[in-house]
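# Notes for the structure review
If you want the building blocks of each chain, they are given just below.
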2 protein chains.
Amino acid sequence: MGGSSIVGSYTREILSQHSPIPISIVRNYFLPKWISKDWFVIAVSYSGNTEETLASLAQAEERGSKILTVTSGGQIANEFGHFPQILIQEGVQPRAALPLLLSEVLPISETLVGAPMTDLIDISESLASASKKWGKAIPTPSVIVEKIHNRIPLFIGAQHLGPVAYRAKCQINENSKAEAFNSEIPEATHNEIEGFPESKASAIIPVFLRSSDEDTRISQKMEVAFDLYNEIGLNPINLHSFGNSKIESMLTLTHYLDMVSVELAEKKGIDAVNVTRIKELKTRLASKD
Amino acid sequence: MGGSSIVGSYTREILSQHSPIPISIVRNYFLPKWISKDWFVIAVSYSGNTEETLASLAQAEERGSKILTVTSGGQIANEFGHFPQILIQEGVQPRAALPLLLSEVLPISETLVGAPMTDLIDISESLASASKKWGKAIPTPSVIVEKIHNRIPLFIGAQHLGPVAYRAKCQINENSKAEAFNSEIPEATHNEIEGFPESKASAIIPVFLRSSDEDTRISQKMEVAFDLYNEIGLNPINLHSFGNSKIESMLTLTHYLDMVSVELAEKKGIDAVNVTRIKELKTRLASKD
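Report follows, based on the coordinates.

What counts, and at which threshold
Residues numbered from 1 in each chain as written. Chains lettered and ligands numbered in written order. Predicted model: local features only at pLDDT ≥ 70, side-chain atom pairs only at ≥ 80, totals over all residues. Heavy atoms only, no water. Pairing = 2+ DSSP bridges. Helix = DSSP H or I, 4+ residues; strand = E, 2+ residues; numbered from the N terminus. Axes fitted to C-alpha atoms, helices over the stretch in contact; angles between N-to-C directions. Contact = heavy atoms within 4.5 Å. Least-squares fit on C-alpha atoms with pLDDT ≥ 70 in both. Buried area = accessible area lost by both parts, 1.4 Å probe. Salt bridge = Lys/Arg side-chain N within 4 Å of Asp/Glu carboxyl O. Polar contact = N/O pair within 3.5 Å; in protein donor to acceptor, adjacent residues only side chain to side chain.

### Points about the sheet that holds strand β2 (residues 66-71) of chain A
All names here are of chain A. Pairing is parallel across the open sheet formed by three strands, whose spatial order is β1-β2-β3. Two strands bound the open sheet, and with one partner strand each, they are β1 (40-45) and β3 (85-87). For this sheet, the mean angle separating the axes of adjacent strands, direction not counted, is 10 degrees. As paired elements, β2 and β3 share three bridges and run parallel to each other. When the bridges of β3 are listed, T71 appears paired with L87. The strands touched by helix α2 (residues 51-63) are β1 and β2; relative to β1, the strand with the most contacts, the crossing angle is about 160 degrees. Sheet strands touched by helix α4 (residues 98-113): β1, β2 and β3. Its angle to β1, the strand with the most contacts, is close to 175 degrees.

So this is what it looks like as structure tokens:
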């Protein structure tokens, strides 16, 4: 769930063209029936206290699935400590733990499905210098903040940038305490494209996430949709990721959009770290138990 | 894609707690690598000309997968006529063909995975009389139209009503030519709940889709989220589905929300049937070939 589950989406997307074994993501209390003893379940909960993950883990244990937990501690470390466990450094927000979690989950998943191993050292070096390209290859985050401030960003991704669009939506929600949405091309060109008002500027601003690794048919749909939205006055934004591989382009753009969400919070005078409403929800739920 | 692909989402959701076999949905040009000769691929394209479906079908054929096509004709009927095929009545919009498509795809899928068979005759009788309950068990669609008109509905579902929320978003897009979004509980309570502005009414109006078949933990999260949104002045809506089974509650609420989208179009003086922007997109793409 939340900041932990995005690790599953990134891993699944990176491996979908390499893995001979199905990869399922569960964001709920219930495992699909097909998750059996033959499945390998990687339970990712940074806090270790996510009740949905605990419920799913209990089901996986009952079914005899192979289990690995990835967590910083909490109930999962206590109650499921008899399974192999990767302990992650404590003390950050789950959504900020993406690099810590992904650098454990991705290599293990690549090994499990027999996919080529990503060179994470190489990518981390390139990520460390990626912000030097901001302002050249891509506008500085502050330019984007000016454009999306007072509007509702709709992040539109395709293929490997689909999960990056979803991550961006969640980061704007949690860090900037602002509304945001995401959608995916080509599906969005079959329905959502009809939804924008013709006659007046919308509250929504489309933000297209682009990549040099896009399939040509995807690029064409992205460009035609951008033009249509531009013609009706929505002032859509194109953001081109950079990097030498799909995963590098996912991570450089994630880093960039994370910074957009933090700068948007600063502009609004908001503390990006606190998530008071999620805490309030948990408090109210606890009082119902 | 679009109106045809929603059949996959409904079927997958109905069967996820019954099927010992994984069910994958592909809304793209590319099959995941794990779709092999051991998989049974049901290709659903009402028009028969959806290029993403044609591309995926060609990959499935290369890999030796078992193939069944469900279509009203088009290129799929011509180029993949050597595979078993279910021909659907022609002449309606793909999104209006959901009952025609689902009544073929669901029983076949239930047979394939060995799940109990849904009595569709029984459900169709109950659906035929469902609109008599509008105004009592659920407000009439016109009441909802008044509330969502000039705002952007966010349909929030859980479990079997998750795909119904997505269908509603797409129907508002395509029929009403209006913006709409969807999200899913519990995932939305881990991020999106932070996104609504505290101080002023939002452009977004949350519409919770409820069911008597909900898990208690889901109900509690739905209710707490509803209360939080209510307290900050968003005037959220609760819509309770009715029916004697999960699938019946999915379909009665789908029927209802379809009518909301059509009545919203009428109120806006818009032709619900035409999708001029999707046609324009196709024309522009064709000129690039």
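### Quick word on the relation of the copies chain B and chain A
Once turned by 180 degrees and shifted 0.0 Å along the axis, chain B lies on chain A with an RMSD of 0.0 Å. What the rotation and shift describe, once combined, is the action of a two-fold rotation axis. A share of 100% of interface residues in chain B that are also interface residues in chain A marks the association as one of identical surfaces.

### Quick notes on the interface of chain B and chain A
Each side of the interface is counted separately: chain B has 75 residues, and chain A has 75 residues. In this assembly, chain B packs against chain A so that about 6,700 Å² is buried in total across both faces, 58% of it on carbon and sulfur atoms. Of the charged contacts, one joins E231 of chain B and R284 of chain A as a salt bridge, the two residues approaching to 2.9 Å between their closest N and O atoms. Linking chain B to chain A there are 36 residue pairs in polar contact (both at pLDDT 80 or more). Those elements giving two or more residues to the side of chain B that touches chain A turn out to be α1 (2-15), α2 (51-63), β4 (152-157), α7 (162-176), α8 (216-231) and α10 (276-288) of chain B. A total of 10 residues in the side of chain B that touches chain A trace back to one element, the largest contributor, which is α8 of chain B.

### Some details on the sheet that holds strand β6 (residues 204-210) of chain A
Residues and elements named next belong to chain A. With parallel pairing, the four strands of this open sheet are ordered in space as β5-β4-β6-β7. Every other strand in the sheet has two partners, leaving β5 (181-184) and β7 (237-240) as the edge strands with one partner each. Across the sheet, the mean angle separating the axes of adjacent strands is 25 degrees when strand polarity is ignored. Direction of pairing for strand β4 (residues 152-157) relative to β5: parallel, over a ladder of four bridges. When the sheet's bridge partners are listed, L154 is paired in β5 with F181. Its contacts with the sheet place helix α6 (residues 141-148) against β4, β6 and β7, and it is angled at close to 155 degrees to β7.

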